[in-house]
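Below are the chains, spelled out letter by letter.
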Amino acid sequence: MAHNDLTLGEMTPRDHAFYGLVWAGTTLSARVDQALVRRHDLPLSWFEVMLWLHGQPEPVAASELGARTLLSRSQVSRVADSLQARGLVERAPSPTDARSVRIALTPAGRRAFAEADATRRETLAEVFDDLLDDGDIAALEAVWAKLKGKPRG
């Protein structure tokens, strides 16, 4: 059977840039997810919640995590349930809203996050960090800032 090289055909530079972002996000996320699951039994969605919790000095409402992560509020709740079952997060009632529960990493969760973050960094070293110089990173930061900005119109 002959091997054909597939192409995307005629595309504008903007189309190439968009699909490049999609490819990079999908490929790098899958690589990190596989490494985290293999080494820590920790899916990327769990790691993402732990990442946001790690950076907070105080427990965080699940709704706040839902607004910050790539997960829906119900997904955040399910991830928090799974993390709590493993002793990596704890829940406490909100001191200001009786209907709300706040989530924080436990000491075991902080250790697990540190180990998983080292795996993430190691996984990305060859395919991201080693390929991009400081100028590339600054350019990406500028692009992300523009894309995260408020939509016009």
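Our structure is the block above this text.
What counts as what
Residues numbered from 1 in each chain as written. Predicted model: local features only at pLDDT ≥ 70, side-chain atom pairs only at ≥ 80, totals over all residues. Heavy atoms only, no water. Pairing = 2+ DSSP bridges. Helix = DSSP H or I, 4+ residues; strand = E, 2+ residues; numbered from the N terminus. Contact = heavy atoms within 4.5 Å. Axes fitted to C-alpha atoms, helices over the stretch in contact; angles between N-to-C directions. Buried < 20%, exposed > 50% of the residue type's maximum accessible area, 1.4 Å probe, protein only. Patch = residues over 30% accessible without salt bridge, like charges linked within 9 Å, V, L, I, M, F, W, Y side chains within 5 Å. Areas by Shrake-Rupley, 256 points an atom, 1.4 Å probe, with all protein chains shown as cover. Salt bridge = Lys/Arg side-chain N within 4 Å of Asp/Glu carboxyl O. Core = buried A, V, L, I, M, F, W, Y, C linked by side-chain atoms within 4.5 Å. Polar contact = N/O pair within 3.5 Å; in protein donor to acceptor, adjacent residues only side chain to side chain. Parallel < 35°, antiparallel > 145°, perpendicular 65-115°, else oblique. Nonpolar A, V, L, I, M, F, W, Y, C, P; charged D, E, K, R; others polar.

**Q** How do you make sense of the sheet that holds strand S2 (residues 89–93) when you look at a structure like this?
**A** Hydrogen bonds along the backbone pair up the strands of a sheet, which may run parallel or antiparallel. Strand order in this open sheet of 3 strands is S1-S3-S2, and the pairing throughout is antiparallel. Taken across any chain shown, the strands that pair with only one partner, and hence form the sheet edges, are strand S1 (60–61) and S2. Inspection of the sheet shows S2 paired to strand S3 (residues 101–105) by 5 bridges, in the antiparallel sense. Residue pairing for S3: Glu90 is matched across the bridge by Ala104. This element, helix H2 (residues 44–54), spans S1, S2 and S3 of the sheet and lies at about 90° to S3.

**Q** Explain the side chain of Ser100 here, please?
**A** Along the chain, Ser100 falls in the loop between S2 and S3. We classify Ser100 as buried; its relative accessible area is 16%. Residues in contact with Ser100, not counting those within four places in the same chain, are Ala61, Pro93 and Ser94.

**Q** Hey, could you run me through a nonpolar patch on the surface in this one?
**A** Residues Leu21, Val143, Trp144 and Leu147 make up a contiguous nonpolar surface patch of roughly 330 Å² in combined accessible area. In terms of residue count, the dominant contributor to the nonpolar patch is helix H6 (residues 134–148) (3 residues). Along the chain, Val143 falls in helix H6. Among the residues examined, Val143 registers a relative accessible area of 35% and is labelled partly exposed.

**Q** Just checking my understanding: could you explain the nonpolar core for this structure?
**A** One recurring pattern in soluble globular proteins: nonpolar side chains tend to sit buried together. Among the nonpolar cores identified, the biggest contains 24 residues, and Leu42, Val49, Met50, Leu53, Leu65, Leu83 and Ile103 are the most heavily contacted of them. Mapped onto this core, the elements with two or more residues apiece are helix H1 (13–40), H2, helix H3 (62–68), helix H4 (73–85), S3 and helix H5 (107–129). By residue number, the principal contributor to this core is H2, which donates 5 residues. Setting aside residues up to four positions removed in sequence, Leu65 forms contacts with Val49, Trp52, Leu53, Val60, Val76 and Ile103.

**Q** Just checking my understanding: could you explain the side chain of His40 for this structure?
**A** Mapped onto the fold, His40 is located in helix H1. By relative accessible area, which is 19% here, His40 ends up buried. At a separation of 2.6 Å, a polar atom in the side chain of His40 contacts the side chain of Thr119. Aside from chain neighbours lying at most four places away, what touches His40 is Ala35, Arg86, Glu115, Ala116 and Thr119.

**Q** I would appreciate a short explanation of the packing of H2 against H4 in the present structure.
**A** The angle between the axes and the distance between the axes are what describe a pair of packed helices. One way to put it is that H2 packs onto H4 with a least axis distance of 10 Å and a crossing angle of 85°. By the angle between their directions, the pair H2 and H4 is classed as roughly perpendicular. Every residue of H4 that contacts H2 at Ser45, Trp46, Val49 and Met50 is listed here: Val79, Ser82 and Leu83. In terms of residue class, the contact of H2 with H4 is made up of 5 nonpolar, 2 polar and no charged.

**Q** Would you mind showing me how to read the environment of Ala138 here?
**A** Examined against the element boundaries, Ala138 turns out to sit in helix H6. Taking the C-alpha atoms as reference, Ala138 lies 26 Å from Leu65; in sequence the two are 73 residues apart.

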